[in-house]
Amino acid sequence: MPSDKYIVRFSFFVATLAWLAMSVSDVLIGHGNELQYSRGLDHQLPEVFFVLFCFFSYVFFRYQTSSRERIQIQELLWRMFVTGLAATIIALVLFFFLETELGLKLNGNAIFKTFINHVMIGLSVLFLISAFSVSKRLVLYQKSRTLLFIWRLFEYSLFVGMIISIFSPFRMSGFQLIFAAYLMVLAILLSVNMKWVAYLDSGQKWKSILLILLTLAYLFYFIRANYFNHVSSTLSLDLAEFPPVLAAAFFVSLYLVFSLLVTLFNLPTSSVFEQKLKEAINFSRLAERISGSTPEQVYEILLESSASTVAANAAWLEIKIEDDPEPYLLKHGISEEEIEELKNNFIDGQKVELILNRHVSKSLIPIKNTIKLNHYDYRSLMVCPIIIKDRVVASLFLLKDVTDGFNKEMEDIVVTFINQATVSLENFRLMSDALDNERYREEIKIARRVQRSLLPQYELGKEYFDLASFSKAADQVGGDYYDFHQVDEHRFALIVADVSGKGTSAAFYMAQMKGIFHSLVNIGVTPVDFFDLANDALSRCLDKSTFITASYFLIDTKRRKVEYSRAGHCPTLLYQTKDKKIEFLEDQGIGLGIIRDKNLFKNYISNSTFSYEEGDVMFLYTDGIVEAHNMAKQEFGYDRLKMLVQSYAQFDVMKIQEVVIEGLYAFCDDHPPNDDFTTMVVKFK
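Being a predicted model, the structure only gives us computed values, none of them experimental.

1. Some thoughts on the packing of aromatic side chains
Counted by the stated rule, this structure contains 38 aromatic pairs. A centroid spacing of 5.7 Å and a plane angle of 70 degrees characterise the contact between F132 and F251, whose relative ring orientation is edge-to-face. Of this pair, F132 sits in helix α5 (residues 110-139) while F251 sits in helix α9 (residues 243-266), and the two are 119 residues apart along the sequence. Pair check on accessibility: F132 and F251 agree, each one buried. An aromatic cluster of three or more residues is present, and its members are Y58, F132, W151, F154, F251 and Y255. Looking at K400, its charged tip hangs above the ring of F406, at a distance of 5.6 Å from the centre. When the ring centre of F636 is taken as origin, the NZ or CZ atom of R640, which lies over that ring, is 5.7 Å away.

2. Quick look at unusual backbone geometry
Phi angles above zero are rare outside glycine, and D404 is one such case at about 55 degrees. In this fold, D404 is placed in the loop between β5 (391-400) and α14 (408-454). Backbone geometry places R560, a non-glycine residue, at a positive phi of 55 degrees. Position of R560 among the secondary structure elements: in the loop between β9 (548-556) and β10 (561-567).

3. A few points about the side chain of D483
Along the polypeptide, D483 turns up in strand β7 (residues 480-486). Here the side chain of D483 touches Y481 through a polar contact of 2.6 Å, side chain to side chain. Within polar-contact distance, the side chain of D483 engages the side chain of K514 at 3.2 Å.

The rules behind these values
- Residues numbered from 1 in each chain as written.
- Predicted model: local features only at pLDDT ≥ 70, side-chain atom pairs only at ≥ 80, totals over all residues.
- Heavy atoms only, no water.
- Phe/Tyr/Trp six-rings, centres within 6.5 Å; stacked < 30°, edge-to-face > 60°.
- Helix = DSSP H or I, 4+ residues; strand = E, 2+ residues; numbered from the N terminus.
- Buried < 20%, exposed > 50% of the residue type's maximum accessible area, 1.4 Å probe, protein only.
- Lys NZ or Arg CZ within 6 Å of the ring centre and 35° of its normal.
- Polar contact = N/O pair within 3.5 Å; in protein donor to acceptor, adjacent residues only side chain to side chain.

This is the structure:
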């Protein structure tokens, strides 16, 4: 497929040869006797070369014009004008030459006169085809399928008409008159398509009017020269016998006249269009600039863009900051002292509040956003709130030095700018929230890993008792804690605790509880002393609204005794296999951190002891089990727990634990309890 550059060159070369052949053949036919040329030539031969000249000239201009897809309208009109100017200059040079003494002598020669006429025909056709190609680009500036169909029909009809004209010279026959009328109708349909005019600014429209006027002048000059003053007596070739040429001239003339009138009528709207275009460009720049900006930068861009678009003499933005009664000010062309003076002496504060509240409450009461001022520099004020989630986060104030300086269109464009800024501010907030949430999730993951590391990862005392433990947090992390430790060869310490509340704060206090347990367990203190020391340590770090309940056990495998104390925790279940008896160990006790007086706390806890035998079961737990609710708002309760443990006490510790947990989930309709829960099952050997 040849490139456009080679097609342009080839068509120019062939068009030149066709024009020369047309001229030579026409001269030979009309003046053969004078040239002593006796061989007869077909009288249709010049017309054939003329059609070839027209066809390849059209190909030349078509590909030259369409070689650049993004060509500007002004450049198209300029090309058409330059072609007409060049053709007119050449024609005028010939005209003035013919007025000279030499020209007058040569003009008496019929052959020379025929040559001059062919030059005029060539110039006319080249200019007409150039204007026709440019008109095509303008007609199809915003093409549709229907418009493209009509144009192709017109273009092909012109080509077919040129072929017909060779063999059927135009002599006002009925068919040719109908065909000419058909071409005129298509030309009129195409001439009303000039959407390109609306995209010109006022300066471009004035230039277009000048170029079109000059082009029309050139066109009418060549039409007059070829159709009213042509020399037909010496020629076998006559343009009047080619209806398609007449139709093309009619179309170009009509389209240029319509374009001139439409451009003239559109001049008054140019300023409006330019303003709208400026607003659109400003909006595009605003959206581009605020993309990825911080809230402070968004506010600055909004203030600058709004003031520039409505040509405000001054402006400021009041940004509300949480926990600060005074707003943060951004200023444009005005000082803080002038703002204070305006607000204190010239601006009706109640009306400003009414405008802002009307937008927040979405009141239907018609209230203008503009306020008249009697200031010596400023005569009108426009107030626009910036609202996010039904809350005014900032207020924009625009000032002008003329009364009624802001119209509805200005208000609409400022509101559009504000909406774009609001979207960016909200996106920034959402992005910040998303980052915070992501950071929180990462922190939770770390907290969960830390919490898992706080719970014991080993077993002990296998030769004396079996032990099974389980803990489930209601939130990502929880406040339940259990642990065990071998004090010496025959003594083992167990603890189960519950921090009030749940979540990360509860997990933090749970970590402190673990530190206290491991610090005191090796000292060998009694359970009461353990809690006394633990309460003293925790009282210094626990929040005033936080406390910890716990149960602490010391198992002496040599004496087969258990010494324990309860600090406000759930009573432990003890199953005695010898008597098939189960009971709650409900000794007195109060939570750690409730009483922070060292001398008083010890009065509220006590030390207790019981002996155990082989097969006895001790079931430790937190209140997340007994306080769990089902869909009917019923509690799992102590009795249900007691019954389950008693029914499966003869089984191993893993089975007892499994039965209790399955029973808990079944009771809660397969939904997890809404609080942390922990179990620890000890079965003595």
